Amino acid sequence: MHLLLDVMCGGIDSYLRMCGYDTVYAGDRGLEEDDEVLALARDEDRTLITRDVDLAARADESLLLESREVDAQLAELAAAGLDLTLTSDPEFCGRCNGPLEPVPETDSTPDYAPDPGSIDVWHCEACGQHFWRGSHWDRVARTLSEIDRDGEPDSP
């Protein structure tokens, strides 16, 4: 499934990418006008995720969210049938949605990234960022595990 988030839903982009969804955020492409967003959704065969009732009604395929909060938006998506499970091998950059490639164990990484000989590391071909399963991965996993699949965040 290819997704397009309008500017009201940008807080969930990295979560969806980490769950294996090809997810474009309209703000990253400078799209704010409804007609531009709809054209991109149509041209790239993307399901639009929005909080805008009128925009959702005009899209070929859309998911309408009610909440402003990230946790609640994720719960709404889970209730709509999106599988919000972290992928074992990430495919999409959490920052730009570019393709990720595994870094070979013998390659070097920037100072901020761990040694690929000790942990799996991926490199974004589009923006050059490096990713690994570290504390951010753990926080996202914890957030997703607390999502009630009925559409509401679980109570602590």
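These lines cover the structure that appears in this document, whether it is placed above or below. Residue positions are given per chain, counted from 1 along the sequence in the order it is written. Since the coordinates come from a predicted model, pLDDT governs what is reported: local features require at least 70, and pairs of side-chain atoms require 80 or more to be given and counted, while whole-chain, interface and lining totals use all residues. Values reported for side chains reflect all heavy atoms of the structure, with hydrogen atoms and water molecules removed beforehand.

Reading across from one edge, S2-S1-S3-S4 is the order of the four strands in this open sheet, with parallel pairing throughout. Looking at strand neighbours, the two that pair on one side only are strand S2 (22–25) and strand S4 (62–64), the edges of this open sheet. Each adjacent strand pair in this sheet contributes to an overall mean axis angle of 20°, direction not counted. Looking at chain direction, strand S1 (residues 2–5) and strand S3 (residues 47–50) are connected through three bridges and run parallel. Bridge assignment links Leu3 to a residue of S3, and that residue is Thr47. Only heavy atoms enter the contact rule, under which two residues are in contact if any of them lie within 4.5 Å. Between N-to-C directions, angles cover 0 to 180 degrees, with each direction set by a line fitted to C-alpha atoms, over the stretch in contact for helices. Put simply, DSSP H or I for four residues or longer makes a helix, DSSP E for two residues or longer makes a strand, and each gets a number counted from the N terminus. This element, helix H2 (residues 34–43), spans S1, S2 and S3 of the sheet and lies at about 175° to S1. Pairing between strands is defined by DSSP: at least two bridges between them are needed.

Looking now at the environment of Ala126. Looking at where Ala126 falls in the secondary structure, it is placed in the loop between strand S6 (121–124) and strand S7 (130–132). Distance from Ala126 to Asn97, taken between C-alpha atoms, is 8.3 Å for residues 29 residues apart in sequence. When near neighbours in sequence (up to four residues on either side) are disregarded, Ala126 contacts Cys96 and Gly98.

A pairing counts as a salt bridge when a side-chain nitrogen of Lys or Arg comes within 4 Å of a carboxyl oxygen of Asp or Glu. Taken as a whole and assessed by the stated rule, the structure comprises seven salt bridges. Of the charged contacts in the structure, one is a salt bridge between Asp13 and Arg17, with a shortest N-O distance of 3.6 Å. Linking Asp13 with Arg17, this pair stays in helix H1 (residues 13–18), spanning four residues, or about one helical turn. The class for Arg17 is buried, based on a relative accessible area of 0%. Here's how the labels work: a residue is buried when its accessible area is under 20% of the maximum for its type, exposed when over 50%, partly exposed in between, all with a 1.4 Å probe on protein chains only.

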